[in-house]
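In case you want the letters, here they are:
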Number of protein chains: 4
Amino acid sequence: MVLDNFKSVISKYDVIFFDAFGVLKTYNGLIPGIENTFAYLRERGKDFYVVTNDASRSPEQLAQSYVNLGIEDVTPDRIISSGMLAREYLDLKVRKGTVAYLGTENSAHYIETSDLKTLSIRQLDLNNVGDINALVFLDDEGFDWNTDLTKTLNLLRKRNIPVIVANTDKTYPASKSRVSFAIGALAKMIENTIGREFIRFGKPDPQMFIFAYQHIKNYPNVSKQDILMVGDTLNTDILGGNKFGLDTALVLTGNTQAEDAEVRIRATGIIPTYICVSAVVE
Amino acid sequence: MVLDNFKSVISKYDVIFFDAFGVLKTYNGLIPGIENTFAYLRERGKDFYVVTNDASRSPEQLAQSYVNLGIEDVTPDRIISSGMLAREYLDLKVRKGTVAYLGTENSAHYIETSDLKTLSIRQLDLNNVGDINALVFLDDEGFDWNTDLTKTLNLLRKRNIPVIVANTDKTYPASKSRVSFAIGALAKMIENTIGREFIRFGKPDPQMFIFAYQHIKNYPNVSKQDILMVGDTLNTDILGGNKFGLDTALVLTGNTQAEDAEVRIRATGIIPTYICVSAVVE
Amino acid sequence: MVLDNFKSVISKYDVIFFDAFGVLKTYNGLIPGIENTFAYLRERGKDFYVVTNDASRSPEQLAQSYVNLGIEDVTPDRIISSGMLAREYLDLKVRKGTVAYLGTENSAHYIETSDLKTLSIRQLDLNNVGDINALVFLDDEGFDWNTDLTKTLNLLRKRNIPVIVANTDKTYPASKSRVSFAIGALAKMIENTIGREFIRFGKPDPQMFIFAYQHIKNYPNVSKQDILMVGDTLNTDILGGNKFGLDTALVLTGNTQAEDAEVRIRATGIIPTYICVSAVVE
Amino acid sequence: MVLDNFKSVISKYDVIFFDAFGVLKTYNGLIPGIENTFAYLRERGKDFYVVTNDASRSPEQLAQSYVNLGIEDVTPDRIISSGMLAREYLDLKVRKGTVAYLGTENSAHYIETSDLKTLSIRQLDLNNVGDINALVFLDDEGFDWNTDLTKTLNLLRKRNIPVIVANTDKTYPASKSRVSFAIGALAKMIENTIGREFIRFGKPDPQMFIFAYQHIKNYPNVSKQDILMVGDTLNTDILGGNKFGLDTALVLTGNTQAEDAEVRIRATGIIPTYICVSAVVE
């Protein structure tokens, strides 16, 4: 496996899309040295965005988490989350009534509007579901799995409403050697059981990349050939980036380990344009 | 849809296999009149068995639940449960060490032997899993879904051990209008996430029917053509019975409603030999 | 089921996206009266596009097929096909070498460029595949299924290259009572067998809708709320339109029959904004 | 990876089940030295059976193929094929009328009875299908894929009949570096397209193992613990053997290469009791 130098790679592109987890940070903080990458981007005037499957917080809160780690570059306008797509969907397609949600109260604030109320699955009364016009899976925390997943299933048996999954990931790293279930896995269990089609937002779905593309500064005056997607996961970051027509760089600091990379590329047929040790500019 | 008379149908067979839920009983007791069916079977000397996807209790305890409802005919030797297959598997293939399980303590007693200890996922310490030689999904109760499903996932990341799903059902009826998740749905979520093959016992798998067949009194002197499988669910009872070579009767007192039966038979291609209103002999 | 009047429905939108098969035409010609719909659109100055899962011909050839049926309104610039997405992908991501294809020679002309040669799977020599840089599934005709599907499988065992499926449909209507396999079904068989991820273009994928959206005359000065997607198939036209944020109208002249519509909407959870008898303005 | 000595392994068992392809023979003849294994079994009086996913020929014809290669030990009574299960199913569940089939005429002879006619899909007239009571997938040869797979799909749209897949394999080796599609892959494509449940016979399904078990000489006086399943494929031979309660030996002369064995065992969670270089007794 020939490894590419990350600095040489990004020097060829005008705009960089970064995945967050496993690329910029991990369960216990920033990837060491990643501040150099932001300095390089600043210096060269390159545009960049963080494209993340996350609906647990608003872009402002996600940006603040970088500030807390000492990175000022990741401002809210540079964050594209799958939660933003869920919100756009509700704006366009649901508009009024109440949206039931699985997640924390904090995750729900972002999708609330003057016309659209939100109601935690915890508070939902199954005998009173006539005004529930949509259901959104936002976060794996904020509810009791034993009682509230069952409540969700019974809600859907009573109401044929749009169901939005605002983060399709199945797991996330919780510590060096442990993972946790993400909301995408819980949503999939309910989708398989009820047998209906849920609306899923998040990489590798092209809608995530379209949304990011439309948010870049010089849009639409940037060709897809001038954008690089950087990620640690073949079947979200790399598959999605490739399909959207972007060049892609796989980094080995997250889900794909150096010793597995070649085997997995061969097994999946998902081929990154480049493979780099990390997203750190040295 | 032409409906067949249940009494005429069973009169043609020597041995009857019954599904339990939706055929003999529901969430709130026996199917009204089902005692007539047992009286008829007794009178005519017909052999019968209850073939059920259930690993929450031993055959003795399952039989007692019929006694509690006033039915003395369903003795422990007439009960064939998917839990019995799980136990046989452990006897044959695991033999020693510790089996971790998801379920109540009660569900675990049945699989315990002098050589094989059991340990609830609740008690399991992820830092001490070296002697865990198998994992069994028994029941949806007896553990905390938020913490213990995640613990299960991490156990499997540490240990490549056989995983047995002792009940493949995804849901069970909890009341007139509500369903609950069965352990099969939770197991499927973890199987999809970890990407490994679990060993699943329960209808429609033929091993369930083989096991029942080998338990009948006059085995092996009964032809498959003299056995009828009676069930309420097309894709477990009827599919499994058909595939094993048995004639099958669909009853409309459980999962398959009268108004949907024809549509679902056409959609699934799972064709029962007979369709009857219920398993009640009138 | 309350049916909506198609004329009233489209009067509320500035831009209409039409599926082709089952909406504008069928296996044996135009939907009777559909010329009135085009007259209405012309008269009111409404913009419209035909959004079709078809990679068998170029937009020019597809437009000509409407001219042959007496409709002059469907000019090449009004046609958005999944084949156009396949071509864009090759332009952006493959660029040079040879693309092997399954389909007719005619289907391949459209993806050929000065830098990118095409080679029919018929002509491909498995001992000489070093310069094959991509594989595209274009059409179910133009090759021998017995020998060439097997050749395709062996090509992919030799070369880990991007595989593009330019039409995800599984079947298409061949006559009043017969269907034929579309190339999407053949591609799926090979994808399942080889176990790799193919790149699929076509509804319900959002990339198809963004491509159409970017081609409309007043883009980007048209809101998604002013666009209506009209289709006959819940899990392509309606699911895809909904997810992209468009209002959707299901018509009953194609894949979804009047007697099944309600059952299928309930079963799939794919809910159109409107249901109309047909796309004919009366 | 610690390799076990095949002779030591089989010395511990009374009955050996062998997979055929990749274990006893390959595309171009016997595994070199396999005659020693048969000599050893003969000498020690061990019982053995060939358990194969093959419905292309009768047990007599399959046995003859070993005679042609110089092996006299594999008599017809020692062969258990998935085709035998298909035949039993038809005997028990279809009984009369006509069975349409995909395969060679030779493959059909074996399922023909005095009451049950067979008709090749080639000869089938879609306007005259009223007496077709079942459809069987037997072999990938003997019909034209372009026209006859489509004919099969349309037959199933007209008739809701049992569909039997008598070999679930997706591919088979055709030469040192090439594979061919087996009938299981074609059947799966049609099953996915029509959306119905087909009845599938073959490893890893337990019905295959119970059928073999019931055919052994001292049945039922042989414990499952005295039987060893030897195979080259994790998700058919090893998974099925394990689930049925048998000990299993993976050999590295077929589908699973020495360099991949450990990775695939870890990835699939399918764990053989032993791993041996080959099934040759040295």
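Since this is a predicted model, take the numbers as computed values, not measurements.

Peer 1: Would you take a moment to explain the pattern of salt bridges for this structure?
Peer 2: It is possible for side chains bearing opposite charge to pair when their charged atoms get close. Throughout the structure, instances matching the rule amount to 47 salt bridges over all chains. Residue Lys224(C) pairs with Glu88(A) through a salt bridge whose shortest N-O separation is 3.6 Å. Note that Lys224(C) is positioned in the loop between helix H8 (206–215) and strand E13 (227–231) and Glu88(A) in helix H4 (residues 82–94), a pairing that runs across two chains. Residue classification places Lys224(C) among the buried residues on the basis of a relative accessible area of 12%. The class for Glu88(A) is partly exposed, based on a relative accessible area of 24%. For Arg42(B), the salt bridge is made with Asp73(B), and the minimal N-O distance between the two is 2.6 Å. Within this pair, whereas Arg42(B) is found in helix H2 (residues 34–44), its partner Asp73(B) is found in the loop between helix H3 (59–68) and strand E5 (79–81), the two being separated by 31 residues in sequence. Here Arg42(B) falls in the exposed class, since its relative accessible area comes to 55%.

Peer 1: Honestly, the confidence of the model for chain A in this entry has me stumped. Any pointers?
Peer 2: Segments scoring low in pLDDT should not have their predicted coordinates read at a detailed level. Across chain A, pLDDT averages 95, with 100% of residues at or above 70. Here the predicted complex carries an ipTM of 0.94, next to a pTM of 0.95.

Peer 1: Sorry if this is basic, but what is going on with the arrangement of the chains here?
Peer 2: Separating chain B from chain C is a minimum C-alpha gap of 10 Å, and the two share no contact. Nowhere do chain A and chain D come into contact; their C-alpha atoms are at least 10 Å apart.

Peer 1: Looking at this structure, how should I read helix H6 (residues 145–158) of chain D?
Peer 2: Residues and elements named next belong to chain D. When the terminal C-alpha atoms of H6 are compared, their 20 Å separation across 14 residues agrees well with the 20 Å that a helix rising 1.5 Å per residue should span. Counting buried positions along H6 yields 10 of 14 residues, so the element is predominantly enclosed. Considered for burial, the residues of H6 that qualify are Trp145, Asp148, Leu149, Thr150, Lys151, Thr152, Leu153, Asn154, Leu155 and Leu156.

Peer 1: How do you make sense of the relation of the copies chain D and chain C when you look at a structure like this?
Peer 2: In screw terms, the move from chain D to chain C is a rotation of 180° and a rise of 0.0 Å along the axis, fitting with an RMSD of 0.0 Å. Here the copies are linked by what is in effect a two-fold axis. Interface overlap between copies is the fraction of interface residues in one copy that are interface residues in the other; for chain D against chain C it reaches 100%, indicating a shared surface.

Peer 1: Looking at this structure, how should I read unusual backbone geometry?
Peer 2: Residue Pro220(C) follows Tyr219(C) across a cis peptide bond; omega there is 0°. With respect to the element layout, Pro220(C) can be found in the loop between H8 and E13. Residue Pro204(D) is bonded to the preceding Lys203(D) through a cis peptide linkage, with omega at 10°. Examined against the element boundaries, Pro204(D) turns out to sit in the loop between strand E12 (199–200) and helix H8 (206–215).

Peer 1: Would you mind showing me how to read the sheet that holds strand E7 (residues 116–120) of chain A here?
Peer 2: The strands that make up a sheet are held in pairs by hydrogen bonds between backbone atoms, and each pair lies either parallel or antiparallel. All names here are of chain A. If you trace the five strands from one edge of the open sheet to the other, you get E7-E6-E8-E9-E12, paired in parallel fashion. At either end of the open sheet lies a strand with only one pairing partner, and these are E7 and strand E12 (199–200). Across five bridges, strand E6 (residues 97–102) lies against strand E8 (residues 132–137) in parallel orientation. Across the sheet, residue Thr98 finds its bridge partner in E8, namely Ile132. Its contacts with the sheet put helix H6 (residues 145–158) on E6, E8 and strand E9 (163–165), and the angle it makes with E8 is roughly 140°.

Peer 1: Looking at this model, I keep getting lost on the packing of aromatic side chains. Mind explaining?
Peer 2: The geometry of an aromatic ring pair is captured by two quantities: the separation of the ring centres and the angle between the planes. Taken as a whole, this structure holds 44 aromatic pairs over all chains when the rule is applied. Taking the centre distance of 6.3 Å and the plane angle of 85° together, the rings of Tyr13(D) and Tyr274(D) count as edge-to-face. Highlighted residues: Tyr13(D) in the loop between helix H1 (6–11) and strand E1 (15–18) and Tyr274(D) in strand E15 (residues 274–276), separated in sequence by 261 residues. Among the residues examined, Tyr274(D) registers a relative accessible area of 10% and is labelled buried. An aromatic cluster is defined as three or more aromatic residues linked by ring pairs; in this entry it consists of Phe209(A), Tyr213(A), Tyr219(A) and Phe244(A). Taking the ring centre of Phe21(D) as reference, the NZ or CZ of Lys25(D) above it sits at 5.9 Å. Against the face of Phe244(D) rests Lys224(D), its NZ or CZ located 3.8 Å from the ring centre.

Peer 1: In this structure, what is going on with the interface of chain A and chain C? I would like to understand it.
Peer 2: How large an interface is tends to be reported as the accessible area lost when its parts come together. The partner chain C presents 39 residues to the 39 residues of chain A that form the contact. Taking both sides of the interface into account, the surface hidden between chain A and chain C amounts to around 3,000 Å²; carbon and sulfur atoms contribute 49%. Between chain A and chain C we count seven salt bridges in total. Within the residue set of the side of chain A that touches chain C, elements represented by two or more residues are H4, E12, helix H8 (206–215), helix H9 (234–244), strand E14 (247–251) and helix H10 (261–268) of chain A. In terms of residues, the side of chain A that touches chain C owes the most to one element, H4(A), which gives five residues. The residue inventory of the side of chain A that touches chain C, partitioned by class, reads 16 nonpolar, 11 polar and 12 charged.

Peer 1: I keep staring at the pairing of E7(A) and nothing clicks. Help me out?
Peer 2: Looking along a regular strand, one sees side chains alternate from face to face of the sheet. Residue and element names in this part refer to chain A. Alternating residues of E7 divide into Leu116, Thr118 and Ser120, all buried, and Lys117 and Leu119, none buried. Where E6 lies against E7, five bridges are found, and the strand directions are parallel. Along E7, the bridge assignment pairs Tyr101 with Ser120.

Peer 1: Quick question: what am I supposed to make of the interface of chain D and chain C here?
Peer 2: In this assembly, 25 residues from chain D lie in contact with 25 residues from chain C. In this assembly, chain D packs against chain C so that about 2,200 Å² is buried in total across both faces, 60% of it on carbon and sulfur atoms. Among the residues chain D hides against chain C, the three largest losses belong to Arg178(D), Phe181(D) and Met189(D). Together they make up 27% of the total. Linking chain D to chain C there are zero salt bridges. Counting across the chain D and chain C interface gives eight residue pairs in polar contact (both at pLDDT 80 or more). The element best represented in the side of chain D that touches chain C is H6(D), accounting for eight residues. Of the residues assigned to the side of chain D that touches chain C, the class counts are 11 nonpolar, nine polar and five charged.

Peer 1: Which parts of the structure should I look at to understand the relation of the copies chain A and chain C?
Peer 2: There are two copies of the chain, and a rotation about an axis plus a shift along that axis relates them. In screw terms, the move from chain A to chain C is a rotation of 180° and a rise of 0.0 Å along the axis, fitting with an RMSD of 0.0 Å. Interface overlap between copies is the fraction of interface residues in one copy that are interface residues in the other; for chain A against chain C it reaches 100%, indicating a shared surface.

The rules we used
Residues numbered from 1 in each chain as written. Chains lettered and ligands numbered in written order. Predicted model: local features only at pLDDT ≥ 70, side-chain atom pairs only at ≥ 80, totals over all residues. Heavy atoms only, no water. Salt bridge = Lys/Arg side-chain N within 4 Å of Asp/Glu carboxyl O. Helix = DSSP H or I, 4+ residues; strand = E, 2+ residues; numbered from the N terminus. Buried < 20%, exposed > 50% of the residue type's maximum accessible area, 1.4 Å probe, protein only. pLDDT = per-residue confidence, 0-100. Contact = heavy atoms within 4.5 Å. Expected span 1.5 Å × (residues − 1). Least-squares fit on C-alpha atoms with pLDDT ≥ 70 in both. Pairing = 2+ DSSP bridges. Axes fitted to C-alpha atoms, helices over the stretch in contact; angles between N-to-C directions. Phe/Tyr/Trp six-rings, centres within 6.5 Å; stacked < 30°, edge-to-face > 60°. Lys NZ or Arg CZ within 6 Å of the ring centre and 35° of its normal. Buried area = accessible area lost by both parts, 1.4 Å probe. Nonpolar A, V, L, I, M, F, W, Y, C, P; charged D, E, K, R; others polar. Polar contact = N/O pair within 3.5 Å; in protein donor to acceptor, adjacent residues only side chain to side chain.

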